[in-house]
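A closer look at the structure
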2 protein chains.
Amino acid sequence: MDVLIYDTTLRDGAQGEGLSFSLDDKLKIVEKLDYLGIAYIEGGWPGSNPKDLEFFNQVRNLDLKHARITAFGSTRKPGIGVKQDANLQALQQAGVATVTIFGKAWDFHVLRALETTLEENLNMIRESISYLKEQGMEVFFDAEHFFDGYKNNANYALQVLQAAQEVGAGYLVLCDTNGGTLSWEIEEIIKEVQKYSRVPLGIHAHNDSASAVGNSLIAVRQGCSQVQGTINGYGERCGNADLCSIIPNLELKMDKRVLPPGNLKRLAEVSHYISEIANMPHHNNQPFVGYGAFAHKGGIHVNALLKDSLTYEHIDPEEVGNHRRVLVSELSGLSNLLYKARELNIDINNYDHETRRVIKQIKEMESQGLQFEGADASLELFLRKAFGQYEDFFQLKNLKLIIEKNEDSPITAEAMVKLTIGEKTFHTAAEGDGPVNALDNSLRKAITEVYPEIGEMHLSDYKVRVLNGNEGTAARVRVLIESADQKSKWSTVGVSENIIEASWQAIVDSINYLLFKKQIT
Amino acid sequence: MDVLIYDTTLRDGAQGEGLSFSLDDKLKIVEKLDYLGIAYIEGGWPGSNPKDLEFFNQVRNLDLKHARITAFGSTRKPGIGVKQDANLQALQQAGVATVTIFGKAWDFHVLRALETTLEENLNMIRESISYLKEQGMEVFFDAEHFFDGYKNNANYALQVLQAAQEVGAGYLVLCDTNGGTLSWEIEEIIKEVQKYSRVPLGIHAHNDSASAVGNSLIAVRQGCSQVQGTINGYGERCGNADLCSIIPNLELKMDKRVLPPGNLKRLAEVSHYISEIANMPHHNNQPFVGYGAFAHKGGIHVNALLKDSLTYEHIDPEEVGNHRRVLVSELSGLSNLLYKARELNIDINNYDHETRRVIKQIKEMESQGLQFEGADASLELFLRKAFGQYEDFFQLKNLKLIIEKNEDSPITAEAMVKLTIGEKTFHTAAEGDGPVNALDNSLRKAITEVYPEIGEMHLSDYKVRVLNGNEGTAARVRVLIESADQKSKWSTVGVSENIIEASWQAIVDSINYLLFKKQIT
C-alpha cells in the first residue's frame, strides 16, 4: 500500500453525539472494515472504557484477512511508573500486536490540562512507548494538538516527536485535535517536520473548519503515509476526517493504492452498512457514497448526461459502488422522466400526451408534499399505474385502530382491517406494539392466505418528516419506509395530516411493490 | 469588504434534492441574508423558471440594507441573435442591476453538449455580455467547468475568460462545476489565470470531492475576491460550497472582512432559520453552526474544558452565535453532569450519592434508547425531578384514541383524555387531523382551564427515529418534539414501541417544561 488507512470509527468516531456501539455492533463493523480492506482498526481505549477489554477478547475469534486491530491509550500519568499505570496495564491486557499512544504536543496542555512539567511530559512519552515496545508491540504515536502546539511553541512540539521517535515509535501521527488548522498551514508545518523526522508520518484531522478531508489529502501529498479517520466522518463535534471521501480521492485522483485491488467498489456498501449499525441517518449529499451524490436534477444537466456522462460527473459512480440517479421534480423536463421510465423499461415514446399529463400530476402531488425523491418504489408504482401497467393487489374497505392507556397499565394498540382481493373479503384483527405495528400485523393477516410471500419482507427503516411544522400537531407528515427482503431494499412514501394514514400508504405501497416484483420475475 | 460573498441558495442551492422554495420562502430568505450582510443574492434563473419573474417583481418591495439582488442566465443560444434569445429577454425583464451570465469554458462541452463551434461559443459570450452591459447592467461571468476545461485545453479556457473580460465583465468567476478538483490544482490554475486576467476573480466550488470549502479558501488566499456558495451547502449532488463554513474561516482565521462589523454573531441563527424554511434537517455536526459543533462528550475533554476553553475549541462558539454544550452520556464522568447541572443552577455539590444514582439511571435509560441528546428540556425536567425540584403539573388517568377509515371517506381521528390536576378531574374528547393532533387537542382542552398559558406554545418540529429497525413495525421509536413560543424553542423526547405513547411522553414533557419555566419567571 502507498498509504495506510487507520480507522478509528470504534474509538474516536464513537465519541460522536448520538453514537453508541454495542459489543456486537463493534464486531460486525470490524468484519465489514476488513471486507473493505482497511489496514488498521482502532478498537477501543481499554484504559478509559473497561468494557473495551471484552471487545479485544472477542475480536481475536474473527478471521480477518487484512486488518490489524489496535488499541488506543494515553501515556502514563505524570509522576508514576509505567508498571503502576492502570492505563498501560489495560493496554497490555488488550493483547494486540499494535497500540497507539497519544501524548501532548502543545506546551499549554501539558502545563494547564495535565498540570505537569514539559520535561516530565517527554519522560511520560519515552517511558510509555519503550515499555510497550519491550512487551513486543508495534507502537504508533499520536501527537495530540500537534499543529496548535507547533504554532505556539514549535521547538517543544518537535521535541515531543523526537522523544517518540528515539524510543522506536513506528509512526508519528500529527493530530489536528481541535480541527482549526487550514490546509496551507498543514502543508507548511509538515514540510518543517520532515526536516527532523526519521520515521514515517501520519495525519489525524478533525472537521471543525470543514477542512478535514482536504487537510488529509494535502498531508499525503506532502509525504504522510498514514491517514487516520472514520467511516462517514463520525466523531465528536464536527467529526473526524471522512474515510469515505479520503479513500476514493487517494485512489482515483492521487494514484495511491490504499485498498486491495478491486475493493474500492465496496465503499458505498460499507458506508451504508456502518451507518445502519450506528443508527445514524446516511446523508443524501455525502460525497462519493451518498444516495444523492450522483443524482441529477436540473433539466439541462440531464440532457447532457444522457449524451455523455463525463460532462457532469467527476468520477464514474460505479467505481465506488454508487449509482447515477435522475430526479423527477418540478425542475425536470421531459428528459428526466424519459430517463426514469427507460430505467424501468416503460416504453414511453408513444405516450407523449399521457407523459405530459403524468408530469403535471407529479408536480401537483409534489406541491402537496408527496415528493418521490428517496422513495423510488412508490415512484415506480405510480408511473406504472399511470401508464396502465399495474393494479393494486388488494382494496381496503375499512380500517379501525384503537389505542388505550390506563394510568397504571402499559399502552395497548389493536387494529381491524377489512379488505378485498378480487371477489373475496378478508376481515382481520390484530394487536401490536404500536398503531403502525398493529395495522401492519392486521394487514398481513388479511392477505397472507392469498400472498404468503409477504412473510419474506420486513420494515428496515421508518422516517417521519413534518412538512409544514408551523401547523403544530396538525401538520402534514411524510412517512418514508424502507423495506427489505433477503436480496434487496426498497423505499416507499406516504403523505397525510394523519401519521397513521401516511404510514398506511407507505406500507401498502411497499407490499404492492414486493408482490409486483415477484409477479414479473 | 475584502471578499464579496455571493449567495446562490435560491438558484444553485435550490437544485438540491428535496429542496423546493415557494415565492414566500424566497422573500423570507432574502431578508434573512440581508440581515446577515451578504453582498449579492442570486434570486433565480428567469430564462429557465418563468415563475422566477414574479420573485424579481416582488423582491423590489423589500427594504434591503446590504444585499444586491442578481439574476442568473445562460449566454444566448448558438446561432441566434441576442434580441431573439428568450433567456436574455427574461433577464432584462427581471429588472435587476446585476446579472450573472454563465458560459462554457470546456471545449468538450461546447462541442458535445451545446453542439456548436468553439468560435461561436466565444461570440455567444461576447455578444451576451455586451448586450446586457448596453442595458446598463453590471455583469459577472461564471466560467462553467473552468478547471476541467483548463486541464483539458488551457488555451481555450483562457480564451473564454478573455472574451468575457474584453467586453466588460465585472468579475470572472471560475467554477468547479463537477466538484472534482483538488485544492492544490485550484491554487496552481488560479496562479496561471492571474497572468492573463485584468478583472477581479471569483470562485464557485462544489463539494463532490469534499473539498468545496477548502478550495474556496485557497482561492481567496491566491487572490480571488468573490466567493459563491450557499447557506448550509445546499445544492445538487453533494452541494455547493457552504458559506456557513467559508464566512467564519475568512473572518476569524484569514483576517478578511466579508460581513458588516459585528454581523458574524448572526451566522448560526441565519443558518438554522434558512434550514427551517427549506424544511431540511439541520445537521448536528455542521462546522461552526451545528448544534453539536461545540458539543463535548468525552469525560477527559470536559475536565480540561471546565478549566480553559482554549484547550479544546478552535474558536469561541459565541463568535458565530453558537454555544458550547456538554453531553451527558455513557462516556461522561461526574464532570459532564456537574457542568449540565451548573448550567441549570442545580446545586449539586451536596448530592454526591444522589448524583451517582442519577448517572446510573441515565445510563440505564440510554440503553433503552432514551437518549437525552437533542432534548435538553426533557433532560432538565428529568434532572430537576431527580433532585426533587419539580413535579408534573397534571396526572394522566386514561387516554383512548380511535382512528377509522372507510374506503371512500377521509380518515378520522378522535381522542379521549382523562387527567387530574390536584384534586380536580378533567375528562375531554377532541378530534384531530391525526392521532397525535387529536391527543394534543384533547390534552390542551383538559388543562386549559387551569393553565391557559399553553395557548402560547405550538409544535415546530416532530422527528421520529426507529431505534432497532430490524424489529420491523414493532421497533422502538424515539420521538423528538421541538416546541416554540414567541421567545424560545425547546426540545423534548419520548421513547416507546408505540409511536403514540412516545409522542405523548414528548408532548407532556414539552407542556410541563413551559409551565415550569413560567412558574419560575
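Residues numbered from 1 in each chain as written. Chains lettered and ligands numbered in written order. Predicted model: local features only at pLDDT ≥ 70, side-chain atom pairs only at ≥ 80, totals over all residues. Heavy atoms only, no water.

**What about the overall build of chain A?**
- Assigned secondary structure in chain A consists of 17 helices and 16 strands.
- Dimensions of chain A, computed from C-alpha atoms along their principal axes, come out at roughly 85 × 65 × 45 Å.
- Sorting the 521 residues of chain A into buried and exposed places 63% on the buried side.
- For chain A, long-range pairs separated by at least 24 residues make up 66% of all intrachain contacts whose partners lie at least 6 apart in sequence.
- Accessible surface, chain A as shown: approximately 19300 Å² in total, 46% of it carbon and sulfur.
- Of the charged side chains in chain A, 53 are positive and 71 negative; the average position of the first set lies 3 Å away from that of the second. (Helix = DSSP H or I, 4+ residues; strand = E, 2+ residues; numbered from the N terminus. Buried < 20%, exposed > 50% of the residue type's maximum accessible area, 1.4 Å probe, protein only. Contact = heavy atoms within 4.5 Å. Areas by Shrake-Rupley, 256 points an atom, 1.4 Å probe, with all protein chains shown as cover. Lys, Arg positive; Asp, Glu negative; His and termini not counted. Charge placed at Lys NZ, Arg CZ, Asp CG, Glu CD.)

**Let's talk about helix H1 (residues 23–36) of chain A**
- Under the 1.5 Å per step criterion, the end-to-end length of H1(A) is 20 Å for 14 residues, consistent within 8% with the ideal 20 Å.
- Along H1(A), the residues classified as buried are A:Asp25, A:Lys26, A:Leu27, A:Ile29, A:Val30, A:Lys32, A:Leu33, A:Asp34 and A:Leu36. (Expected span 1.5 Å × (residues − 1).)

**Quick word on the side chain of B:Ser483**
- Structurally, the position occupied by B:Ser483 is in strand S15 (residues 477–484).
- Apart from the residues within four sequence positions on either side, B:Ser483 is in contact with B:Met457, B:His458, B:Leu459, B:Ser460, B:Ser488, B:Lys489, B:Trp490 and B:Ser510.

**Structural notes on the interface of chain B and chain A**
- With 113 residues of chain B in contact, the opposing surface of chain A contributes 113 residues.
- Between chain B and chain A, a total of about 9900 Å² is buried, with carbon and sulfur atoms accounting for 51% of that surface.
- Counting the contacts that link chain B with chain A gives six salt bridges.
- A salt bridge links B:Arg221 to A:Glu188; its shortest N-O distance comes to 3.3 Å. (Buried area = accessible area lost by both parts, 1.4 Å probe. Salt bridge = Lys/Arg side-chain N within 4 Å of Asp/Glu carboxyl O.)

**Examining the sheet that holds strand S7 (residues 201–204) of chain B**
Residue and element names in this part refer to chain B.
- Spatial strand order, S1-S2-S3-S4-S5-S6-S7-S8: eight strands in a closed barrel with parallel pairing. Here the strands of the sheet are splayed against their neighbours by 25° on average, with no regard to which way each runs.
- Note: S7 against strand S8 (residues 226–229), three bridges, orientation parallel. Bridging from a neighbouring strand, glycine 202 pairs with glutamine 226 of S8.
- Of the strands in this sheet, strand S1 (4–7) and S8 are in contact with helix H10 (residues 243–253), which crosses S1 at around 175°. (Pairing = 2+ DSSP bridges. Axes fitted to C-alpha atoms, helices over the stretch in contact; angles between N-to-C directions.)

**Describing the domain arrangement of chain A**
- When cut into domains, chain A gives domain 1 (4–278), domain 2 (295–365), domain 3 (368–384 + 457–521) and domain 4 (394–450).
- A C-alpha centroid distance of 52 Å is found between domain 1 of chain A and domain 4 of chain A. (Domains from an automatic or database assignment.)

**Quick look at the side chain of A:Asp107**
Residue and element names in this part refer to chain A.
- Relative to the helices and strands, aspartate 107 is located in helix H4 (residues 107–112).
- For the buried aspartate 107, no salt bridge is present, and the opposite-charge side chain at shortest range is arginine 112, 11 Å distant.
- A distance of 2.9 Å separates polar atoms of two side chains, one belonging to aspartate 107 and the other to asparagine 153.
- With residues up to four places along the chain from it excluded, the contact list for aspartate 107 reads Leu118, Asn153 and Tyr156. (Polar contact = N/O pair within 3.5 Å; in protein donor to acceptor, adjacent residues only side chain to side chain.)

**As for the relation of the copies chain B and chain A**
- With an axial shift of 0.0 Å and an RMSD of 0.0 Å, the rotation relating chain B to chain A amounts to 180°. Here the symmetry operator amounts to a two-fold rotation axis. Scanning chain B for the C-alpha nearest the rotation axis identifies B:Ile402, at a separation of 2.4 Å.
- Take the interface residues of chain B: 99% of them recur as interface residues in chain A, which is what a same-surface contact looks like. (Least-squares fit on C-alpha atoms with pLDDT ≥ 70 in both.)

**Comments concerning the pairing of strand S3 (residues 68–74) of chain B**
Residue and element names in this part refer to chain B.
- For S3, a buried count of six out of seven residues is recorded, marking the element as mostly surrounded by other parts of the structure.
- As paired strands, strand S2 (residues 40–42) and S3 are joined by three bridges and run parallel to one another. Bridge pairing in S3 places glutamate 42 opposite threonine 70.
- Between the parallel pair S2 and S3, the chain is carried across by helix H2 (residues 52–59), and the sense of this crossover is right-handed. (Right-handed = clockwise from strand over helix to strand, strands pointing away.)

**Considerations on the sheet that holds strand S4 (residues 98–104) of chain A**
Residues and elements named next belong to chain A.
- If you trace the eight strands once around the closed barrel, you get S1-S2-S3-S4-S5-S6-S7-S8, paired in parallel fashion. Pairwise comparison of adjacent strand axes, ignoring direction, gives a mean angle of 25° for this sheet.
- In this structure, strand S2 (residues 40–44) lies alongside strand S3 (residues 68–74), joined through four bridges in parallel fashion. Bridging across to S3, isoleucine 41 finds its partner in isoleucine 69.
- Against the sheet, H1 engages strand S1 (4–7), S2 and S3, with an angle of about 175° to S2.

**Section: the state of the cysteines**
- Taken as a whole and assessed by the stated rule, the structure comprises zero disulfides over all chains.
- No disulfide involves A:Cys238; its sulfur sits 12 Å from the nearest other cysteine sulfur, which is in B:Cys244.
- We classify B:Cys244 as buried; its relative accessible area is 1%. (Disulfide = S-S within 2.5 Å.)

**Side note on the pattern of salt bridges**
- Tallying each qualifying case throughout the model produces 54 salt bridges over all chains.
- One salt bridge connects B:Arg324 with B:Glu313, and the closest N-O pair in it is separated by 2.7 Å. Of this pair, B:Arg324 sits in the loop between helix H12 (299–307) and strand S10 (325–326) while B:Glu313 sits in the loop between H12 and S10, and the two are 11 residues apart along the sequence.
- Among the residues examined, B:Glu313 registers a relative accessible area of 4% and is labelled buried.
- A single salt-bridge network, built from bridges that share partners, covers A:Arg11, A:Asp12 and A:Glu42.

**Concerning the packing of aromatic side chains**
- Tallied over the entire structure, the rule returns 30 aromatic pairs over all chains.
- Both rings, one in B:Tyr40 and one in B:Phe140, keep their centres 5.1 Å apart while their planes meet at 75°; by these two values the pair is edge-to-face. With B:Tyr40 in strand S2 and B:Phe140 in strand S5 (residues 138–144), this residue pair connects regions lying 100 residues apart in the sequence.
- Taking the relative accessible area as the measure of exposure, B:Phe140 reaches 0% and is therefore buried.
- With centroids separated by 5.6 Å and ring planes inclined at 45°, the aromatic side chains of B:Trp106 and B:Phe108 adopt a geometry described as tilted.
- In this structure B:Trp106 comes out as buried when scored by relative accessible area, which is 6%.
- Relative accessible area serves as the criterion here: at 22%, B:Phe108 is assigned to the partly exposed category.
- In textbook terms, an aromatic cluster arises when at least three aromatic residues are bridged by ring pairs, as seen for A:Tyr6, A:Tyr40, A:Phe140 and A:Tyr171.
- When the ring centre of A:Phe55 is taken as reference, the NZ or CZ atom of A:Lys26 above it lies at 5.7 Å.
- The ring of A:Tyr273 has A:Lys32 sitting right over it, with the charged end atom 4.5 Å from the ring centre. (Phe/Tyr/Trp six-rings, centres within 6.5 Å; stacked < 30°, edge-to-face > 60°. Lys NZ or Arg CZ within 6 Å of the ring centre and 35° of its normal.)

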